[in-house]
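Overview (structure and organization)
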Amino acid sequence: MPGKLTLGYPSARTLRKSLPLVVLAVVVVALIALPLYSSAHASAFSINNSLQNAASLGLLALGVGLTMIIGEFDLSSLGVYAIGGMIAVKYGADFPVMGMLLALALAVVVGGVQGWIIARTEISSVPLTLGGYIILLGASHLVSNSQTLAYANYDVGMWLDGIFGFVLSPRIAIVLGIFVLTAAFMGWTQLGREIRAVGGDRRASRASGVQVDRIIVGIFIASAFLSALGGALFALSSAAAKPDLGLSPFIFAVTAVLLGGVSLAGGRGGAMGIVVGVVSLSLLETLFSLLGTPIYMVNVIRGALLLVVVVIEAPDLRRALITVRRAKSA
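Read on for a plain summary of the structure. As the structure is a prediction and not an experimental result, all values here were calculated from the model.

Conventions we followed
- Sequence order as written defines residue numbering, which begins from 1 separately in each chain.
- With the structure being a predicted model, the display of local features is reserved for residues of pLDDT at least 70 and the display and counting of side-chain atom pairs for 80 or more, all residues being used for whole-chain, interface and lining totals.
- Only hydrogens and water are set aside when side-chain values are computed; all heavy atoms of the structure are taken into account.
- Secondary structure elements follow DSSP: runs of H or I of four or more residues count as helices, runs of E of two or more count as strands, with numbering from the N terminus.
- Burial classes follow relative accessibility: with a 1.4 Å probe on protein chains only, a residue under 20% of its type's maximum area counts as buried, one over 50% as exposed, and anything between as partly exposed.
- Should any heavy atoms of two residues lie within 4.5 Å, those residues are considered in contact.
- A 1.4 Å probe and the Shrake-Rupley method give the accessible areas. Residues count as covered only by the protein chains that appear here.
- Note on bend: at a given residue it equals the angle between the axes fitted to the 7 residues ending there and to the 7 starting there.
- In protein, a polar contact requires one atom able to donate a hydrogen and another able to accept it; more generally it is a pair of N or O atoms within 3.5 Å, and residues adjacent in sequence count only if both atoms are side-chain atoms.
- Working definition: a ring pair exists when centres of Phe, Tyr or Trp rings (six-membered ring for Trp) sit within 6.5 Å. Plane angles under 30 degrees give stacked, over 60 give edge-to-face, the rest tilted.
- In plain words, nonpolar cores are sets of buried Ala, Val, Leu, Ile, Met, Phe, Trp, Tyr and Cys residues tied together by side-chain atoms within 4.5 Å.
- Any carboxyl oxygen of Asp or Glu that lies within 4 Å of a side-chain nitrogen of Lys or Arg is treated as forming a salt bridge with it.
- For helices, the fitted axis covers only the stretch in contact; all axes are lines through C-alpha atoms, and the angles between them, taken along N-to-C directions, range from 0 to 180 degrees.
- Angle categories are assigned with fixed cut-offs, so that under 35 degrees is roughly parallel, over 145 is roughly antiparallel, 65 to 115 is roughly perpendicular, and the rest are oblique.
- Three classes are used: nonpolar for Ala, Val, Leu, Ile, Met, Phe, Trp, Tyr, Cys and Pro, charged for Asp, Glu, Lys and Arg, and polar for all others, with Gly counted as polar.
- Each patch is assembled from residues with relative accessible area greater than 30% and no salt bridge, linking like charges that lie within 9 Å and nonpolar side chains (Val, Leu, Ile, Met, Phe, Trp, Tyr) that lie within 5 Å.

Here we take up the overall build of the protein chain. Within the protein chain one finds 15 helices and 2 strands. Here the protein chain holds 330 residues, and the buried ones make up 47% of them. Taking the contacts inside the protein chain whose residues are at least 6 apart along the sequence as the reference set, 79% of them involve residues at least 24 apart. Carbon together with sulfur atoms contributes 69% to the accessible area of the protein chain, which is approximately 16,300 Å² in total.

The subject of this paragraph is helix α3 (residues 44–69). Roughly 40 degrees is the biggest bend found in α3, and it falls at L57. Within α3, 21 of the 26 residues are buried, which leaves the element mostly enclosed by the surrounding structure. One or two positions beyond α3, positive phi appears at G71, with a value near 85 degrees.

Our next topic: the side chain of S205. Tracing the chain through its elements places S205 in helix α10 (residues 202–207). Classification of S205 by relative accessible area gives buried; the value is 3%. A polar contact is formed between the side chain of S205 and the backbone nitrogen of V198, at a distance of 3.5 Å. Filtering out sequence-adjacent residues up to four positions away, S205 remains in contact with A197, V198, V210 and V212.

Once that is clear, we can look at the environment of L290. Secondary-structure assignment places L290 in helix α13 (residues 271–291). Each C-alpha atom of the pair L290 and S46 lies 8.7 Å from the other, and the pair is 244 residues apart in sequence. With residues up to four places along the chain from it excluded, the contact list for L290 reads L31, L34, A40, H41, A42 and S46.

Quick look at the packing of aromatic side chains now. What the rule picks out here adds up to 2 aromatic pairs. Each ring, one from F73 and one from F250, has its centre 5.8 Å from the other, and the planes form 75 degrees; the classification is edge-to-face. Linking F73 in the loop between α3 and α4 (77–91) with F250 in helix α12 (residues 248–259), this pair joins segments that are 177 residues apart in sequence. Arranged with centres 6.5 Å apart and planes meeting at 20 degrees, the rings of Y81 and F234 form a pair that is stacked. Placement of Y81 in helix α4 and of F234 in helix α11 (residues 212–238) is noted, with a sequence separation of 153 residues between them. The class of F234 is partly exposed, set by a relative accessible area of 31%.

If you look at soluble globular proteins, the nonpolar side chains tend to sit buried side by side. By size, the foremost hydrophobic cluster in this structure holds 93 residues, and its most contacted members are L62, I70, L236 and I274. If near-sequence neighbours (up to four positions away) are discounted, L62 is found in contact with I178, F179, T182, L226, A271 and I274.

Another aspect to go through is the pattern of salt bridges. Tallying each qualifying case throughout the model produces 5 salt bridges. Close ionic contact of D213 with R206 constitutes a salt bridge, the shortest N to O distance being 3.1 Å. Classification of D213 by relative accessible area gives partly exposed; the value is 25%. Across the pair E285 and R302 runs a salt bridge, and its minimum N-O distance is 2.4 Å. Here E285, found in helix α13, pairs with R302, found in helix α14 (residues 295–313); they are 17 residues apart in sequence, far enough to count as distant. R302 sits in the partly exposed class, given a relative accessible area of 30%. Each of the salt bridges in this network shares a partner with another, and the network as a whole consists of E122, R206 and D213.

Take the packing of helix α8 (residues 170–188) against helix α9 (residues 190–200) next. Between α8 and α9, whose axes approach to 5 Å, the crossing angle comes to 80 degrees. Taken together, the axis directions place α8 and α9 in an arrangement best described as roughly perpendicular. Packed against α8, whose contacting residues are F185, M186, G187 and W188, the element α9 presents Q190, L191, G192, R193, I195 and R196 at the interface. Here the residues of the contact of α8 with α9 are counted per class, giving 5 nonpolar, 3 polar and 2 charged.

Judged by side-chain polarity, I295, Y296, M297, V300 and I301 come together as a nonpolar surface patch covering roughly 480 Å² of accessible area. Within the element layout of this structure, I301 appears in helix α14.

What follows concerns the environment of A265. Looking at the secondary structure, you find A265 in the loop between α12 and α13. Along the sequence, A265 and G199 sit 66 residues apart, while their C-alpha atoms lie 7.6 Å from each other.

The structure is reproduced here in structure tokens:
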């Protein structure tokens, strides 16, 4: 009808770009307004705990996110995260740096081997890295004799989690620094742009001269390196390492990555979006804890949030919305 004012629907891309910041803003407002609808309140201590949790799982999320940006998926990152902490604790009692270096060296080998196989054979990364996860889980049990390993050098953990600036700690600062450096690398270098290009269209990237195989190997090394570093820092700060951490850390990481704007199809996303997703989920868990929300309800809300992200990510979403709008106006 001529002259009729119609309201367009936002594109899926616009929704995906704005969703991480919207979720973060909603959670922050809910925490600030907490005394208005509950007897609890968010203190500097609770915010610090939330950021410590973000630091514990942030590097795992960053590693997974980088592989998703190139259109792959690294399931073994959880195994690297666990065994990284195990090696750092077992072999770093007297020299923490030595324990961490051993963990990182193993991670580079694991990531390099998996990345090389994927690049050379073009096999799906899902079954390959699932096998890697199972092997690493077994190796972690072997190293620890299926026991939780205690770390007697408490000074390391006290330093890593020592509070400064009200809510920060050295461990939080290290993780944030790595996110900033990764974001700068992805945004300001030619290689960073090529990494996204590989995820967007691998065949076209090869045709334009991009070293696709090297990028795939490099990203899987980076994923394993970051996961091992995150696991080592977490184990040293908590003064203990478990051979099996369960699936919760990985579920958190994947949800944060998707919430942070990384595309399921590859080629889109970045470190700053991932860190926003990680912080949002960590603050959300703090809010649930302060409200005394039952764990089953927490899982329901997490699942609903992940479902919203997946629906928005769906490539045919805009087409479906347009179809619905036309049907209503017919």
